[in-house]
Amino acid sequence: MKSSCSSSNNILFFIHSHIFLLQLLVLLLICHRPSFAYAAAASGSRGGKWNLLLSNVGISVMHMQLLNNDRVVMYDRTDFGKSNISLPDGKCRYNQNDTTLKVDCTAHSVEYDVANNLIRPLMVQTDVWCSSGSVFPTGSLVQTGGFNDGEKVVRVFKPCNNATTISTTCDWHEIQGGLIQRRWYATNHILPDGRQIIIGGRRTFNYEFYPKTTSANNSYSLPFLVQTNDPKIENNLYPFVFLNVDGNLFIFANNRAILFDYTKNVVLKNYPKIPGGDPRNYPSTGSAVLLPLKNLQAVQEIQAEVLVCGGAPKGSYTSAQNGNFSSALSTCGRITITDPNPQWTMETMPLARTMGDMVILPNGNVLIINGATSGTAGWECGRNPILKPVIYRPDNQFDSRFEIQNPSTVPRMYHSTSVLLRDGRVLVGGSNPNVYYKFTGVLFPTELSIEAFSPSYLDSGSEHLRPQIISSSSLYVFGYGQRVPIQFKVFGRVDINLVTVTMAAPGFNTHSFTMNQRLLVLASENVKLIGEKAYQINVVAPNNAKLAPPNYYLLFVVHQDIPSEGIWVKIQ
């Protein structure tokens, strides 16, 4: 949002800044970290490890998406002035609509090469601030909307290899007027037919599709977005949207949810209001995931569950504007959206959190990371950064699902991001609660670094149990319902009853929600030995596009909760 929560006086700034410095000093002493800034953390074997990847990628990463060439596209808004990375070869962006800088020779989007730990600047022309997107079945990132001259623009980035400089063949392609309505703070999802649906946005109570078709070339009213809108605060922005196993959409906004048939523009079910009634969407900004889908070959309806965690109490945004920062919510709500009579089950996180991200790990656990323990999203509206991630184990007993992880040393507040990488690490970047890039004189400086969190399944002590997929191809292509043999090695003793195969759809992450994120546990047969330390497991690909829309996925073999490095697969 453009409004500010910067009304705190100098005394408040002095107190908060010194409290934070004291907290940071304690963490440094406890964790025995080297004294220089952003040192690669070597945390204990339990609780994961942190590593600084790059101290300066040139932009503060507000949006990010992993592509099937193991590059991550990142971008920030374009209307705050210069970034910290130049466009190559003297290139500049000439934009008379820009509210700050008409001629800008810096990049506001970059491509991160995971394997080589390198950054390449990209040229984005129109303002992508608070936009949305998803990856198309072709593998291209199709990104929609933004602010100002970017609010109706569609931008396409096609993955390419061996690109080291900016070029017309490996950069953003922008389609003016690609959208019918302005889309700012909207949510996107890939549909079973490969199209993208774009839902909502600031003061935009409708949805549309991309690409357009003769039968769906307009925008369509969605009264639910009006019903959940607070005109003063708008606690229904970036709604949580998930494709249900029946092909309809679960849409959560503010504190309510519906099951929506987008083909007929009909609400099929109204879910109960989340207990407590507090808002969970922007700017209260909790997060949500569709929990792993299992039993994909079941004759009965497959069960689908949604988990919504954190946020801020009702009224927190207004309070923060007045210098009062409410404690974040510590509750998670879990609901089986396929039940005939669905009800919320509430759980309590060990750490309250707003502006946190939720990342589904390859073994089906959920990582809750980034954010703050008080305040809300918005310019300078958050306080008390939460440095410790939490693992949520959905299959554990009710009272033993959460586990606190080792802390980072970098506050990741408003506009921070995270995505899963193919090797099982989680890439973390961003954090800029300031209107412009500010590195001094503010409570939480603009953050240009990226780091990786390695869950404990990547500890060296688990190496002998970690599967290694034996792949003869750089890409497997699956048909729906196809039986596929997956071969792998394990150098330690294998428990054949504890081997599964999962398939993860990498998502588009911004503002604490990862669009299009889902993980499927594939149906499989018993593991059999085929050679020295080599095994084969036969799996069955999801049998329809409602379970797995056509796209690129990461496939993992998981042994005793320890995933292999993933391989790219395409289902079509």
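Structural data are supplied above this passage.
Note that this is a predicted model, so its numbers are computed, not measured.

*Asks:* Any details on the overall build of the protein? Residues and values, ideally.
*Replies:* Along the protein, the regular secondary structure elements total 3 helices and 45 strands. For 572 residues, the compact-globule estimate of 2.2 N^0.38 gives 25 Å, and the protein sits close to it at 22 Å. Overall, the protein is about 65 × 60 × 55 Å in size when its C-alpha atoms are taken along their principal axes. Sequence separation of 24 or more characterises 64% of the internal contacts of the protein that already satisfy a separation of 6 or more. If you sum the accessible surface of the protein, you get close to 21200 Å²; carbon and sulfur atoms cover 50% of it.

*Asks:* Before we move on, could you go through the state of the cysteines and cite the residues and values that matter?
*Replies:* The final tally for this structure, using the stated rule, is 3 disulfides. Here Cys92 connects covalently by a disulfide to Cys105, the sulfurs 1.8 Å from one another. Taking the torsion about the sulfur-sulfur bond, which here is approximately 85 degrees, the covalent link between Cys92 and Cys105 counts as right-handed. Of this pair, Cys92 sits in the loop between strand 3 (71-75) and strand 4 (93-94) while Cys105 sits in the loop between strand 5 (103-104) and strand 6 (109-113), and the two are 13 residues apart along the sequence. No disulfide involves Cys130; its nearest neighbouring cysteine sulfur is the one of Cys381, lying 13 Å away.

*Asks:* Got a sec to walk through the pattern of salt bridges? Specific residues and values, please.
*Replies:* Here the structure, examined in full by the defined rule, presents 23 salt bridges. Asp70 is paired through a salt bridge with Arg422; the nearest N and O atoms lie 2.8 Å apart. Note that Asp70 is positioned in the loop between strand 2 (63-66) and strand 3 and Arg422 in the loop between strand 30 (416-420) and strand 31 (426-430), a separation of 352 residues in sequence. Taking relative accessible area as the criterion, Arg422 reaches 23% and is therefore assigned partly exposed. Through salt bridges with shared partners, one network takes in Arg71, Glu111, Asp113 and Arg120.

*Asks:* Give me the lowdown on the packing of aromatic side chains, citing residues and values where you can.
*Replies:* Taken as a whole, this structure holds 30 aromatic pairs when the rule is applied. Pairing Trp129 with Trp184 gives two aromatic rings, centres 5.3 Å apart and planes at 75 degrees, and the pair type is edge-to-face. A residue pair is termed long-range when its members are at least 10 positions apart, and Trp129 in the loop between strand 7 (118-122) and strand 8 (132-135) and Trp184 in the loop between strand 11 (173-175) and strand 12 (187-190) qualify at 55 residues. The residues Trp129 and Trp184 share a single accessibility class, namely buried. On the basis of an interplanar angle of 25 degrees and a centroid distance of 5.8 Å, the ring pair of Phe240 and Phe252 is categorised as stacked. Of the two residues, Phe240 is situated in strand 16 (residues 240-243) and Phe252 in strand 17 (residues 249-253); the sequence distance between them amounts to 12 residues. Here Phe240 and Phe252 have matching classes, each one buried. Through pairs of rings, three or more aromatic residues link up here, namely Trp129, Phe147, Trp184, Tyr185, Tyr238, Tyr282, Trp379 and Tyr414. If you follow Arg77 out to its NZ or CZ, it ends over the ring of Trp129, 4.2 Å from the centre. Here Arg195 stacks its cationic end above the ring of Phe209, 4.3 Å away from the centre of that ring.

*Asks:* Report on the sheet that holds strand 11, specifying residues and quantitative values.
*Replies:* As summarised here, the arrangement of the 4 strands in space is 8-9-10-11, forming an open sheet in which the pairing is antiparallel. The sheet is open, and its two borders are formed by strand 8 and strand 11, each paired with just one other strand. Direction aside, the axes of adjacent strands within the sheet are offset by 20 degrees on average. Inspection of the sheet shows strand 10 (residues 154-157) paired to strand 11 by 3 bridges, in the antiparallel sense. Bridging across to strand 11, Val156 finds its partner in His173.

*Asks:* I'd like a rundown of the nonpolar core, residues and numbers included.
*Replies:* Leu520 and Leu555 are the most contacted members of the largest nonpolar core, which totals 79 residues. Take this core: its biggest share by element is 4 residues, from strand 36 (residues 499-505). If we skip the residues at most four places from it in the chain, Leu555 touches Ile469, Phe478, Ile486, Val501, Thr502, Met503, Leu522, Glu565, Gly566, Ile567 and Val569.

*Asks:* Could you give me a rundown of empty space enclosed by the protein, with the residues and numbers involved?
*Replies:* Enumeration according to the criterion identifies 11 cavities of 30 Å³ or more in this entry. Volume-wise, the largest cavity comes out at about 140 Å³. Along its surface, the largest cavity is lined by 15 residues, and Leu420, Ala505, Pro506, Gly507 and Gln517 are the ones closest to its centre. For the lining of the largest cavity, the elements supplying multiple residues, two or more each, are strand 24 (357-360), strand 30, strand 36 and strand 39 (518-521). Class assignment of the residues belonging to the lining of the largest cavity gives a composition of 10 nonpolar, 4 polar and 1 charged. Of the volumes computed, that of the second largest cavity is approximately 110 Å³. Lining the second largest cavity are 16 residues, with Val135, Pro506, Asn516, Asn551 and Tyr552 sitting closest to its centre. Among the secondary structure elements, those contributing two or more residues to the lining of the second largest cavity are strand 2 and strand 43 (551-559).

About the criteria used
Residues numbered from 1 in each chain as written. Predicted model: local features only at pLDDT ≥ 70, side-chain atom pairs only at ≥ 80, totals over all residues. Heavy atoms only, no water. Helix = DSSP H or I, 4+ residues; strand = E, 2+ residues; numbered from the N terminus. Rg over C-alpha atoms; globule rule 2.2 N^0.38 Å. Contact = heavy atoms within 4.5 Å. Areas by Shrake-Rupley, 256 points an atom, 1.4 Å probe, with all protein chains shown as cover. Disulfide = S-S within 2.5 Å. Salt bridge = Lys/Arg side-chain N within 4 Å of Asp/Glu carboxyl O. Buried < 20%, exposed > 50% of the residue type's maximum accessible area, 1.4 Å probe, protein only. Phe/Tyr/Trp six-rings, centres within 6.5 Å; stacked < 30°, edge-to-face > 60°. Lys NZ or Arg CZ within 6 Å of the ring centre and 35° of its normal. Pairing = 2+ DSSP bridges. Axes fitted to C-alpha atoms, helices over the stretch in contact; angles between N-to-C directions. Core = buried A, V, L, I, M, F, W, Y, C linked by side-chain atoms within 4.5 Å. 1 Å grid on protein atoms, 1.4 Å probe; cavity = no way out; pocket = protein on both sides within 12 Å on 5 of 7 lines; lining within 4 Å. Points joined across faces, edges and corners; volume = space filled by probe spheres on them. Nonpolar A, V, L, I, M, F, W, Y, C, P; charged D, E, K, R; others polar.

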